[in-house]
Amino acid sequence: MNNIHEFIDEVVSSSSTNKQKKNKLLEYDSKMYCYLGIDSTKEEKENAKKKSRAIYRAIAKFDPLLGKNFSWYLD
């Protein structure tokens, strides 16, 4: 789980625009779900959901409405 937090910190602290940061975080989020499949365990699915929650909290730091909406739809 530490890798996701390091990735988020790296993206959020970069000098990119907020849109670029958002895109990078959402790209990572979508790739996580692409690697989940029918044979994925419940633990793997829960880990992906936890990582998504962390990503959406990071997005909420610079786009509160979007981050809140993503978090709301996650649950």
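Definitions and cut-offs
- Residues numbered from 1 in each chain as written.
- Predicted model: local features only at pLDDT ≥ 70, side-chain atom pairs only at ≥ 80, totals over all residues.
- Heavy atoms only, no water.
- Helix = DSSP H or I, 4+ residues; strand = E, 2+ residues; numbered from the N terminus.
- Rg over C-alpha atoms; globule rule 2.2 N^0.38 Å.
- Buried < 20%, exposed > 50% of the residue type's maximum accessible area, 1.4 Å probe, protein only.
- Contact = heavy atoms within 4.5 Å.
- Phe/Tyr/Trp six-rings, centres within 6.5 Å; stacked < 30°, edge-to-face > 60°.
- Lys NZ or Arg CZ within 6 Å of the ring centre and 35° of its normal.
- Axes fitted to C-alpha atoms, helices over the stretch in contact; angles between N-to-C directions.
- Parallel < 35°, antiparallel > 145°, perpendicular 65-115°, else oblique.
- Left-handed = near helix turned anticlockwise from the far one by under 90°.
- Nonpolar A, V, L, I, M, F, W, Y, C, P; charged D, E, K, R; others polar.

**What to know about the overall build of the chain**
Check the secondary structure of the chain and you find four helices and zero strands. Whereas a compact globule of 75 residues would reach a radius of gyration of roughly 11 Å, the chain reaches 12 Å, a difference of no more than 12%. Its C-alpha atoms give the chain principal-axis dimensions of about 40 × 25 × 20 Å. Per-residue burial for the chain yields a buried fraction of 27% across its 75 residues. The contacts in the chain between residues at least 6 apart in sequence include a share of 48% that link residues at least 24 apart.

**Some remarks on the packing of aromatic side chains**
Tallied over the full model, the rule gives three aromatic pairs. Aromatic side chains W72 and Y73 sit 4.7 Å apart centroid to centroid with 80° between the ring planes, which places their arrangement in the edge-to-face category. A cation over a ring is seen here: K21 above F62, with NZ or CZ 5.9 Å from the ring centre.

**Regarding the packing of helix 3 (residues 42–62) against helix 4 (residues 64–74)**
Where helix 3 contacts helix 4, the axes come no closer than 6 Å and their chain directions differ by 160°. Taken together, the axis directions place helix 3 and helix 4 in an arrangement best described as roughly antiparallel. At the point where helix 3 passes helix 4, the crossing takes the left-handed sense. Within the contact between the two elements, helix 3 uses K49, S52, R53, Y56, I59, A60 and F62 and helix 4 uses P64, L66, G67, F70, S71 and L74. Of the residues contributing to the contact of helix 3 with helix 4, the split by class is eight nonpolar, three polar and two charged.

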